[in-house]
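Here is how the chains run, residue by residue.
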Amino acid sequence: MTSSSLVRVLCWFVLFFALSAFAQTPTPLTQIPGQNAILMGDAWYPEQWPESRWEEDLKMMEAADLKVVRIAEFAWSRMEPSEGRYDLDWLERAIALAAKHHIVSVLGTPTATPPAWLTQKYPDTLRVEQNGQRVTHGNRAHASVSSPRYREFCRQITEQMARRFGHNPNVVGWQIDNEYGYALMSYDDITHQKFQDWLKAKYKTLDNLNSRWTTQYWSQAYDNWSEIPIPVGGHNPGLMLEWKRFVGHEWTEYQQNEIDVIRKFSEPRQFITGNFMGFFDGFDHYEITAPLTFASWDDYVGSGHVDSAFNGLSHDLTRGFKRQNFWVMETQPGAVNWHSINNFLNRGEARAMAWQAIGHGADDVNYWQWRSALNGQEQYHGVLVGADGMPVPFYDEVSQTAHEFAKVESSFRDTVPVSEVALLYSYDSHWAIQFQKHTQDYDDIGLLKSYYRALRQLSQSVDVVSGYAPLDDYKLVVAPNLNVLPKDLADHLLEYARNGGNLVLGPRSGMKDEYNALLPQRQPGFIAEPLGARVEQYYALEKDVPVAVSGAWGSGKASIWAEQLKSMASDAEVLLKYGKSNGWLDDQPAVVTRAYGKGRITYIGAVLDDKLTAAAAEWMVQKSGVKPVFGPVPDGVEVSRRMGGGKQVFILVNYAGESRTVTLPRSMKLLLANKKSDKAELPQYGVEVLLDTN
Ligand code: GLA
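Draft legend 1. Geometry of the overall build of the protein chain. Each helix and strand in the protein chain was counted, giving 18 helices and 25 strands. For 694 residues, the compact-globule estimate of 2.2 N^0.38 gives 26 Å, and the C-alpha radius of gyration of the protein chain, at 27 Å, lies within 12% of that figure. Dimensions along the principal axes, computed over C-alpha positions, put the protein chain at roughly 80 × 75 × 70 Å. Every one of the 694 residues in the protein chain was classed for burial, and the buried ones make up 60%. Counting 67 positive and 82 negative side-chain charges, the protein chain places the centres of these two groups 4 Å from one another.

As structure tokens, then:
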């Protein structure tokens, strides 16, 4: 071998190892060079207060170790008091003053709240509701996302901000708009026309559209694009799914309008994000977050208390949008003002939530809001500082948590959660089921949650991703409701199983194509043959059905939904059967599994009770060789793991309602208690951060 080819081979080796290390723990793009690895902050509205007050607020934030403010996202009328007259000097002063107190700024573009001069002079920028009425000014999200005129105003104000702050060293990033107007659309002529044009670009010919939507049904056939309506209420399932996608397309384009102008005038180190809302389903979040640096979300409990499994699932969902760490851009300082009972979180509960967020991959947690405006719609919302300008009791809990973040932050540098189990979530499938639930209690997100709960408990780390994500690194992939399962997605999943993966599909899977038409095969469509089994008939249940007296997973019941399976291949194994029920289901298979390539495919045709779901999860985990990331923890204690940069960190959060002692798998450094030990004592809502030095 010549010396140059030796060098080449060595280079390949280095590259190969660098890439495989990267595949394991990608650098979290959400950590900001020069700042702590995990941050805490708040939403601050300097425009609502006299400038003479600002420094006092910032001093109190600094004393609490708050390191980030998100500002300006509703301040359009202050930045552009009349058309084309801009005033950004005050914002520059606010950013500089925050920096003096070691606080960096995230700038929100103010496009969720156009000023009154704009909506009154150009009423076509206001949204039209389904009943044909234009909304009135002043309740935010009142503009039409599809209005070209509105988009141009958005571009202009964003350009002014980006030109001014795109190189400001104290501005670390941008948030586009705010919660994207809850995906509300304007039911006006412009939007309608855009929808028809979008359909035309997608389907090319009316023949194609008519055939995909089977418009021979109920005389829906269209012979002109202008005849296609915006669906209001129930409609053709193909039309309804496309409307949802069009809504996503409009908001993605709206977002891009602002991204383009920010990118043009800003340094690449400034991130661009949007603040999403967990399982809010107004658009496909895999699509809308694609052009962003990372995803953020607003984590609100509303009434009652945190459901730790659902909150963990929502974090993991957000992490899965772009398969990387994320920010909690807003969370509630005790209470909100918009739920049925705006009760306060218990003392310690918000701290537990903040640490849970970090455990699931958040690199920043911000409270909404610092102080309530003296007037305005949200006077009763939780805050850190009261109307008198003095800290409220909750300030101390935030301050304690933020001090803890600052104390242990270095252990989180370059760390991310890494999981062996993936749950698949699909907006198309969710919408398709929601359009036609067939039985009122069918809850696809509830089913996702029950598998999440069971699998999370066993594996202690679960990713929630799109079915189109790379799956090869997962030992187990579970899709509780993959109703829309077109050929390309089926091929991707089958390839995963063929290469050794364990694929599990839940009820209603493999029924529809990408146009929301029934597949001309029995469920699970393209997966049926490889599975060696198919669904003969589905049944909405009006009462529970016993399952599996002789089944491998023990016995229990199915409720809400049951599918009668039929095994077609001699090596397809029936794991669970229905007991006596409606005659049709009696003694019929409910769960079938079959080896496929180097892996396995399993189909679960019913909504199982919690005990059976847990048994199913146990079986899946064993079959696929998934190991818990930490080891046994007492009931009610959640453990999460982040790894990377040569470190492994565990976060323990006690949601049990009483004290718990956790025995560690080996002696670790307890970063909050400041000692080395092989056990951790956690009071109710107690937290410990463990640096595994072995
Ligand atoms: C949302 C918004 C905030 C604020 C909070 C109140 O998340 O983004 O502006 O209204 O709710 O909970």
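Draft legend 2. Layout of unusual backbone geometry. Between Trp368 and the following residue, Gln369, the backbone shows a cis peptide bond with an omega angle of 10°. Inspection of the secondary structure assignment puts Gln369 in the loop between strand S9 (362–367) and helix H13 (394–408). For the peptide bond that leads from Gln523 to Pro524, omega is -5°, which places it in the cis range. Checked against the element boundaries, Pro524 lands in the loop between strand S13 (502–505) and helix H17 (528–531). In this structure, His438 is a non-glycine residue whose phi angle is positive, near 70°. Mapped onto the fold, His438 is located in the loop between helix H14 (427–435) and helix H15 (444–459). Non-glycine residue Asn674 carries a positive phi angle of around 65°. By the secondary structure assignment, Asn674 is in the loop between strand S23 (660–670) and strand S24 (675–682).

Draft legend 3. How the structure looks around the nonpolar core. Membership of the largest hydrophobic core comes to 107 residues, with the highest contact counts inside it found for Leu91, Trp251, Trp355 and Phe412. If near-sequence neighbours (up to four positions away) are discounted, Leu91 is found in contact with Ile71, Ala72, Met79, Leu107, Met161 and Phe165. Leu423, Ile433, Leu455 and Val504 belong to the second largest nonpolar core, which has 52 residues in total.

Draft legend 4. Region of interest: the site of the ligand. In the vicinity of the ligand, the contacting residues are Phe74, Arg140, Asn178, Glu179, Asp298, Tyr300, Glu330, Trp338, Trp368, Glu378 and His381. Here Glu330 contributes a side-chain N or O atom positioned 2.6 Å from an oxygen atom of the ligand. Between the ligand and Trp338 there is a distance of 2.7 Å, counted from an oxygen atom to a side-chain nitrogen or oxygen.

Draft legend 5. Structural context of the environment of Ala373. The topology assignment puts Ala373 in the loop between S9 and H13. Taking the relative accessible area as the measure of exposure, Ala373 reaches 19% and is therefore buried. Between the alpha carbons of Ala373 and Trp49 there is a distance of 8.1 Å; along the sequence they are 324 residues apart. In contact with Ala373, not counting residues within four places along its chain, are Gln48, Trp49 and Gln379.

Draft legend 6. Geometry of helix H16 (residues 487–498). End to end, H16 covers 16 Å across 12 residues, agreeing with the expected 16 Å (1.5 Å per residue, within 8%). Those residues of H16 that fall on the buried side of the exposure criterion are Leu489, Ala490, Leu493, Leu494, Tyr496 and Ala497. The buried residues of H16 occupy one face: seen down the axis, they fall within an arc of 155°. Buried-residue contacts for H16 involve strand S10 (421–424), strand S12 (476–479), S13, H17, strand S18 (589–596) and strand S19 (599–604).

Draft legend 7. Summary view of the packing of aromatic side chains. Taken as a whole and assessed by the stated rule, the structure comprises 42 aromatic pairs. Their ring planes at 20° and their centres at 5.5 Å tell us that Phe279 and Phe310 sit as a pair that is stacked. With a gap of 31 residues between them, Phe279 in the loop between strand S6 (275–276) and helix H10 (285–288) and Phe310 in helix H11 (residues 308–322) connect regions that are remote in the sequence. Judged by its relative accessible area of 12%, Phe279 is buried. The residue whose ring lies beneath Arg508 is Tyr442, and the NZ or CZ to ring-centre distance is 4.5 Å.

Draft legend 8. Region of interest: the side chain of Gln648. Along the polypeptide, Gln648 turns up in strand S22 (residues 647–654). Classification of Gln648 by relative accessible area gives buried; the value is 17%. At a separation of 2.9 Å, a polar atom in the side chain of Gln648 contacts the side chain of Asp692. Those residues within four positions of Gln648 in sequence are excluded, and the remaining contacts are Arg641, Arg642, Met643, Arg666, Leu690, Leu691 and Asp692.

Draft legend 9. Representation of the layout of surface pockets within the structure. In this model, the largest pocket occupies a volume close to 1,300 Å³. The wall of the largest pocket is formed by 49 residues, among which Phe74, Arg140, Tyr182, Trp368 and Glu378 lie closest to the centre. Mapped onto the lining of the largest pocket, the elements with two or more residues apiece are helix H3 (76–79), strand S7 (296–299) and H11. Taken together, the residues of the lining of the largest pocket break down into 20 nonpolar, 20 polar and nine charged.

Each value, and the rule that gives it
- Residues numbered from 1 in each chain as written.
- Predicted model: local features only at pLDDT ≥ 70, side-chain atom pairs only at ≥ 80, totals over all residues.
- Heavy atoms only, no water.
- Helix = DSSP H or I, 4+ residues; strand = E, 2+ residues; numbered from the N terminus.
- Rg over C-alpha atoms; globule rule 2.2 N^0.38 Å.
- Buried < 20%, exposed > 50% of the residue type's maximum accessible area, 1.4 Å probe, protein only.
- Lys, Arg positive; Asp, Glu negative; His and termini not counted.
- Charge placed at Lys NZ, Arg CZ, Asp CG, Glu CD.
- Core = buried A, V, L, I, M, F, W, Y, C linked by side-chain atoms within 4.5 Å.
- Contact = heavy atoms within 4.5 Å.
- Near = heavy atom within 4 Å.
- Polar contact = N/O pair within 3.5 Å; in protein donor to acceptor, adjacent residues only side chain to side chain.
- Expected span 1.5 Å × (residues − 1).
- Arc of directions from axis to C-beta.
- Phe/Tyr/Trp six-rings, centres within 6.5 Å; stacked < 30°, edge-to-face > 60°.
- Lys NZ or Arg CZ within 6 Å of the ring centre and 35° of its normal.
- 1 Å grid on protein atoms, 1.4 Å probe; cavity = no way out; pocket = protein on both sides within 12 Å on 5 of 7 lines; lining within 4 Å.
- Points joined across faces, edges and corners; volume = space filled by probe spheres on them.
- Nonpolar A, V, L, I, M, F, W, Y, C, P; charged D, E, K, R; others polar.

These values are about where atoms sit, not about what they do.
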